[in-house]
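# Geometric and topological summary
Here's the letter readout for the chains.
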Amino acid sequence: MLLLILELVGIATFAMSGSLVGVVKRLDLFGVCLVGVFTAIGGGIVRDLLLDIHPPSSLSNWRYLGVALTASVVVFYLHTVMSGLNREILVLDALGMGIFATTGATIALDAGAQPLAAALIGATAAIGGGVLRDVLVNEIPLLLQRDLYAVPALLGATAVVAAHEIGLPQNLSLVIGTVLATGLRLVALWRGWSLPQPRLPRED
Amino acid sequence: MLLLILELVGIATFAMSGSLVGVVKRLDLFGVCLVGVFTAIGGGIVRDLLLDIHPPSSLSNWRYLGVALTASVVVFYLHTVMSGLNREILVLDALGMGIFATTGATIALDAGAQPLAAALIGATAAIGGGVLRDVLVNEIPLLLQRDLYAVPALLGATAVVAAHEIGLPQNLSLVIGTVLATGLRLVALWRGWSLPQPRLPRED
Amino acid sequence: MLLLILELVGIATFAMSGSLVGVVKRLDLFGVCLVGVFTAIGGGIVRDLLLDIHPPSSLSNWRYLGVALTASVVVFYLHTVMSGLNREILVLDALGMGIFATTGATIALDAGAQPLAAALIGATAAIGGGVLRDVLVNEIPLLLQRDLYAVPALLGATAVVAAHEIGLPQNLSLVIGTVLATGLRLVALWRGWSLPQPRLPRED
């Protein structure tokens, strides 16, 4: 039950981040909603395609779509009000990322995936929505460029797989993985940690 | 038989719209053909992946590929002649969109998808090709930005699902859905209907 | 055994071409690695999704990922040293393309695909990684614009299917297809062959 609530929180925050990008790009109401919904459920759809779950669960369940659509419409009409909430949205987005990484890895293990594949598919579920969002609005995906985002997702998914391998109960491994992924993301944001950039002396 | 003809008309017009974009972007002959073919069959491939139909029917059937390729080559060599046909192409494209939305929803229902998933997959089949076209040529998908396009597709697919739920025969529901989707698209084009844009006072 | 070595060479060169693009785009270490890995295994993932192989073999096998990741990290730190190796990289890339086209078609035939689908899926495996690379870094895919790239891939995959139809042994058809695809690509590069561009007198 707690997990379902968390998952819907994750979907809502991903829908918000997607629809805010749509507003900035001046898309129309449908475009804003489509980018919002796709950001929220895109990672889960890719996860289900990789795992042979047909049709993807996000397309069969009113709850996910309803939450994603509502969040997108709210952003469309109230985005000026929300411009002061950037910090809160970043925190919720980090929570959503951690949740999707760990639930994705758990679903992959349940579907019989090997440990390596399960960790990669969990990370894909967490970052896929954001990559699709940026491809749709014609930007180089943000997570390729700066900030620690995919590394925490990989860490959380890997923790779930490791916990499964040593026999921890599923609920505990979900909590551990989410705390690790979300925690590392938040610490990295607050400390300004990032990965090295390539040295390109010839262009400077 | 009528349906097959309509479907090939839809594929031909989608291939034309894709290859015209390729010509404008100055791609070479293969690039123009690839964008044209992908626009024509891309929505159907995504539909089949979501429904677990392997390999996608468009990849196994000479007819679809042959029509899409022929239309693309014709556009490559005769595009200057066709520049006066914009109105006719828009009408055919609206017909193709309506056909793909309703056949997509029907195929999804036949494959055992739930009503919600069937409506969404039908709409995806109708708009997927155009989105892939615009992503390939590095543009923000047109349908996210203006005009009613995805809304008619959703309407047509939903009509098919509703007709199926109340027990109408499949052929009748295909006709109803296509007429609704194509009709709304054409009326919206002629009347200039569109969805609201976000208000961004700070940027004006 | 020879084939496995060749396949790993193909993955390494594709990872190099992807991560070099990431360096030019000034992505961070993770971004460079993700683009490199995705370029190397993206075509195979799309191939496996189309063929209903779950989860895709590249996600289940340490060897592919390890080689792709190592090549990307090497490029990230040593890209200045490698700037003199453009010619060698083009040759290796042509070899990788030929290998992926023919192994892709072979895997498709083994999975029961029809000849047409097998040829198309083989070509998709060969060009998919490069298309995904360019979409990720927000460029119009290079292979749509100039040079012969997809035509040799289609030729190699078609040769494998034809050889299979007339009953040649699999190893022989793999060699024939790879030599044809890679050879045509190299000859086209050295002679500067390309496909016709559309005539756009109005823009000149």
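Anything mentioned here points back to the structure above.
On a predicted model such as this, the values are computed, not experimentally measured, just so you know. (Residues numbered from 1 in each chain as written. Chains lettered and ligands numbered in written order. Predicted model: local features only at pLDDT ≥ 70, side-chain atom pairs only at ≥ 80, totals over all residues. Heavy atoms only, no water.)

## A few points about the relation of the copies chain C and chain A
The criterion, for reference: The copies were overlaid with a least-squares fit restricted to C-alpha atoms from residues scoring a pLDDT of at least 70 in each copy. Whether two residues are in contact is decided by their heavy atoms: any pair within 4.5 Å suffices.
Rotating chain C by 120° and translating it 0.0 Å along the rotation axis places it on chain A, where the RMSD comes to 0.0 Å. Such a turn and shift between the copies fits a three-fold axis. Closest approach to the rotation axis within chain C is made by the C-alpha atom of C:N138, at a distance of 3.7 Å. Interface overlap between copies: only 16% of the residues of chain C at the interface are likewise at the interface in chain A, consistent with a contact formed by different surfaces.

## Section: unusual backbone geometry
All names here are of chain A. Counted only if it meets this: Helix and strand assignments follow DSSP, with helices taken as H or I runs no shorter than four residues and strands as E runs no shorter than two, numbered in order from the N terminus.
With an omega dihedral of -20°, the bond running from H54 to P55 counts as a cis peptide bond. With respect to the helices, strands and loops of the structure, P55 is situated in the loop between α2 (29-51) and α3 (57-60). Its identity is not glycine, yet N138 carries a phi of approximately 65°, on the positive side.

## Examining the interface of chain C and chain A
For clarity, the threshold we go by: A quick way to say it: buried area is the sum, across both parts, of accessible area lost when two parts are put together, with a 1.4 Å probe. Here a polar contact means two N or O atoms within 3.5 Å. Within protein one must be a hydrogen donor candidate and the other an acceptor candidate, and residues neighboring in sequence count only if both atoms are side-chain atoms.
Tallying the contact residues gives 31 residues for chain C and 34 residues for chain A. Taken over both partners, the interface formed by chain C and chain A buries close to 2,700 Å², and the fraction arising from carbon and sulfur atoms is 68%. Three residues, C:R26, C:D28 and C:F30, lead the burial of chain C against chain A; their summed loss comes to 24% of the area buried on that side. At the surface where chain C touches chain A, the tally comes to five residue pairs in polar contact (both at pLDDT 80 or more).

## Considerations on the interface of chain A and chain B
This is how it is decided: Basic side-chain nitrogens of Lys or Arg form a salt bridge, by our definition, when they fall within 4 Å of a carboxyl oxygen of Asp or Glu. Amino acids are sorted into nonpolar (Ala, Val, Leu, Ile, Met, Phe, Trp, Tyr, Cys and Pro), charged (Asp, Glu, Lys and Arg) and polar (every other residue, Gly among them).
Taken together, the 30 residues of chain A in the interface contact 34 residues of chain B. The junction of chain A with chain B conceals about 2,700 Å² of combined surface from both sides, 68% of it contributed by carbon and sulfur atoms. Considering only the surface of chain A that becomes buried against chain B, A:R26, A:D28 and A:F30 emerge as the three largest contributors, covering 24% of it. On inspection of chain A and its partner chain B, the count reaches zero salt bridges. The interface formed by chain A and chain B holds five residue pairs in polar contact (both at pLDDT 80 or more) in total. The set of elements that each furnish at least two residues to the side of chain A that touches chain B consists of α1 (2-24), α2, α3, α4 (62-82) and α6 (115-136) of chain A. At seven residues, the largest contribution of residues to the side of chain A that touches chain B is made by α2(A). Classifying every residue of the side of chain A that touches chain B by side-chain character gives 19 nonpolar, seven polar and four charged.

## A look at the nonpolar core
For clarity, the threshold we go by: We define a nonpolar core as any set of buried Ala, Val, Leu, Ile, Met, Phe, Trp, Tyr and Cys residues linked to one another through side-chain atoms lying within 4.5 Å. Summary of the burial criterion: residues with accessible area below 20% of their type's maximum are buried, those above 50% are exposed, and those between are partly exposed, where the area comes from a 1.4 Å probe applied to protein chains only.
A:L143, B:L59, B:L143 and C:L143 are the most contacted members of the largest nonpolar core, which has 176 residues in total. Apart from residues no more than four positions distant in its own chain, A:L143 is found in contact with A:I127, A:V131, A:Y149, A:A150, C:F30 and C:L34.

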